[in-house]
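Inside the fold
Below, each chain spelled out in residue letters.
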Amino acid sequence: MVMRVFVAGGTGVLGQRLVPQLVARGHQVTATTTSAAKLGLLQRLGADGVVMDGLDAVSVGEAVAGARPDTIVHQMTAISLAHAGKPDIKHPDRWFATTNRLRTEGTDHLLAAAEAAGVSHVVAQGYASWNGIREGGWVKTEEDPLDLMEGTAAHGGMLAMRHVEDVVLKAGGTVLRYGAFYGPGATDDQVELVRRRQFPLVGRGTGHSSWVHLDDAASATVLAVEQRVTGVFNVVDDEPAPASAWLPHLAACAGAKRPMRIPVWLARVLAGDQAVVMMTEGRGFSNAKAKRELGWQPGHPSWRTGFEEALT
């Protein structure tokens with residue numbers, strides 16, 4: 001069935017992979033950008049482009065009403081260098097300040113616009129990389145709570161993610177908890193730090209993370225749109241892994257020297273609590289539900305071969 005799909009955040013790294021997949025399936029796509037200069041990009045991707053400010057309720061309402069979509073896909077973030085400046089993992093409250101607003105105020109604006117326009121299905125971006133609750137095993141399902149990082153600079157961002165889940169699920173929508181992205185444009189900053197040997201292993205590197213290639217994240221999103229599913233789904237590859245495994249492999253694929261190792265106390269001073277938790281205590285995620293209920297299969301089942309394909 002051909003659907004009218006409204007992609008909020010169509011020029012982000014995932015949006016640029018998602019829009020062509022939706023178009024290839026025959027859907028009519030309207031995608032948003034914050035810059036008129038990027039309307040040509042959206043046209044080349046096959047979408048009708050519209051300039052929208054996700055933090056302006058009127059702008060969001062007018063864009064959604066004009067598109068008359070069957071489904072809204074919320075991919076709005078502001079993490080790029082152009083929007084957020086240089087990555088600052090020590091101060092995620094500053095680095096993600098606008099993104100956190102897009103995940104709270106922006107989500108509310110999209111849901112209000114959906115209700116006003118009679119749009120019954122919303123699919124929103126969540127996150128499931130290293131942020132599973134730090135109890136029990138290393139791999140978590142959708143039934144396990146997320147880590148809210150109380151008492152750290154990351155707490156506000158984690159609350160913003162919980163807000164997305166709370167309000168979207170209450171509205172009968174879908175939240176796709178994507179793993180850490182890699183693929184075109186997604187890991188350039190990290191790879192540059194690795195090549196400069198400025199991305200060290202912390203402690204024993206026992207903290208687990210889950211990864212997903214952008215094209216696989218996009219394909220899962222297409223399935224969620226077409227099947228109009230509801231609920232939370234982890235969209236990650238088949239191999240959650242400790243930092244001690246994936247970081248040296250990333251360095252090798254990038255042609256860099258093996259990462260240095262630093263103690264936990266020094267990492268906390270240099271990079272903050274979030275980096276320490278990710279590297280030493282993080283929990284990865286299982287994709288069993290997405291495979292079972294969406295019929296999704298990642299084309300890049302492991303970051304091992306995925307990193308090699310992306311960087312060599």
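Residues numbered from 1 in each chain as written. Predicted model: local features only at pLDDT ≥ 70, side-chain atom pairs only at ≥ 80, totals over all residues. Heavy atoms only, no water.

1. What about the packing of helix α3 (residues 57–67) against helix α6 (residues 97–117)?
Quick reminder of the rule: Think of each axis as a best-fit line through the C-alpha atoms, taken over the contacting stretch in the case of a helix, with angles from 0 to 180 degrees between the N-to-C directions. In this text, helices come from DSSP runs of H or I with a minimum length of four residues, and strands from runs of E with a minimum of two, each type numbered from the N-terminal end. For classification purposes, an angle smaller than 35 degrees is called roughly parallel, one larger than 145 roughly antiparallel, one from 65 to 115 roughly perpendicular, and anything else oblique. In a left-handed crossing the near helix is turned counterclockwise from the far helix by less than a right angle, and in a right-handed crossing that turn is clockwise. Every residue pair with non-hydrogen atoms within 4.5 Å of one another is taken to be in contact. Residue polarity is assigned by list, with Asp, Glu, Lys and Arg as charged and Ala, Val, Leu, Ile, Met, Phe, Trp, Tyr, Cys and Pro as nonpolar; anything else, Gly included, falls into the polar class.
Relative to each other, α3 and α6 sit at 40 degrees, their axes nearing to 9 Å. Regarding the angle of α3 to α6, the classification is oblique. Along this stretch, α3 crosses α6, giving a crossing that reads as right-handed. Contact with α3, carried on its side by Ala57, Val60, Gly61 and Val64, involves His109, Leu110, Ala113 and Ala117 of α6 and no other residues of that element. Taken together, the residues of the contact of α3 with α6 sort by class into six nonpolar, two polar and no charged.

2. Some points on the nonpolar core
Operational definition: Think of a nonpolar core as a cluster: buried Ala, Val, Leu, Ile, Met, Phe, Trp, Tyr and Cys residues, connected wherever their side-chain atoms sit within 4.5 Å. For every residue, the accessible area (1.4 Å probe, protein chains only) is compared with the maximum for its type, and the residue is labelled buried under 20%, exposed over 50%, or partly exposed between those bounds.
In terms of nonpolar packing, the biggest core is built from 32 residues, with Val7, Tyr178 and Trp296 touching the most fellow members. The set of elements that each furnish at least two residues to this core consists of β1 (4–8), α1 (15–24), β2 (28–33), α2 (39–45), β7 (174–178), α9 (214–227), β12 (231–235) and α13 (288–294). It is α9 that provides the largest number of residues to this core, a total of eight residues. One finds Ala241, Leu250, Ala254 and Val276 within the second-largest nonpolar core, a separate group that totals 30 residues.

3. Comments concerning unusual backbone geometry
The phi torsion at methionine 149 lies on the positive side, around 55 degrees, for a residue other than glycine. Locating methionine 149 in the fold gives a position in the loop between β6 (139–140) and α7 (155–170).

4. Description of the pattern of salt bridges
Note the following rule: Throughout this description, the term salt bridge denotes a Lys or Arg side-chain nitrogen within 4 Å of a carboxyl oxygen of Asp or Glu.
Enumeration according to the criterion identifies 12 salt bridges in this entry. As a salt-bridge pair, lysine 291 and aspartate 238 come within 2.8 Å of each other at their nearest N and O atoms. Of this pair, lysine 291 sits in helix α13 while aspartate 238 sits in the loop between β12 and β13 (241–242), and the two are 53 residues apart along the sequence. Judged by its relative accessible area of 36%, aspartate 238 is partly exposed. Several salt bridges converge on common partners, so that one network encompasses Arg134, Asp147 and Glu281.

5. Description of the sheet that holds β12
Backbone-to-backbone hydrogen bonds join strands into a sheet, with any given pair of strands oriented parallel or antiparallel. Inclusion rule: A pair of strands is treated as paired once DSSP finds two or more bridges between them.
Strand order in the open sheet formed by seven strands is β3-β2-β1-β4-β5-β7-β12, and the pairing between neighbours is parallel. The sheet is open, and its two borders are formed by β3 (48–51) and β12, each paired with just one other strand. Across the sheet, the mean angle from the axis of one strand to that of its neighbour is 20 degrees, orientation sign disregarded. Looking at chain direction, β7 and β12 are connected through five bridges and run parallel. Each bridged residue has a counterpart across the sheet, and for threonine 174 the counterpart in β12 is glycine 231.

6. Comments concerning α7
Condition: A helix is expected to span 1.5 Å for every residue after the first. This arc is taken over the directions from the axis of the helix to the C-beta atoms.
Helix length check: α7, at 16 residues, gives a terminal C-alpha distance of 22 Å against a target of 22 Å (1.5 Å per residue), a fit within 8%. Listed as buried for α7 are Gly157, Met158, Ala160, Met161, Val164, Glu165 and Val168. Seen from one end, α7 has its buried residues packed into an arc of 155 degrees, which puts them on one side. Considering only its buried residues, α7 is in contact with α6, β5 (121–127), β7 and β12. Two residues or fewer past α7, glycine 172 is found with a positive phi of approximately 80 degrees.

7. Quick look at the packing of aromatic side chains
Where we set the bar: Between 30 and 60 degrees the pair is tilted, below 30 it is stacked and above 60 it is edge-to-face, where a pair is any two Phe, Tyr or Trp rings, Trp via its six-membered ring, whose centres lie within 6.5 Å. Charge-over-ring placement is defined geometrically: NZ (Lys) or CZ (Arg) within 6 Å of the ring centre, and within 35 degrees of the ring normal.
Tallied over the entire structure, the rule returns eight aromatic pairs. Taking 6.2 Å as the distance between ring centres and 90 degrees as the angle between the ring planes, the aromatic pair formed by phenylalanine 199 and tryptophan 246 counts as edge-to-face. Linking phenylalanine 199 in the loop between α8 (188–195) and β9 (201–202) with tryptophan 246 in helix α10 (residues 243–253), this pair joins segments that are 47 residues apart in sequence. On the basis of relative accessible area, tryptophan 246 is assigned to the buried category, the value being 2%. One cation-aromatic arrangement involves arginine 283 over tryptophan 138; the distance from NZ or CZ to the ring centre is 4.4 Å.

The analysis is restricted to geometry; functional conclusions fall outside its scope.
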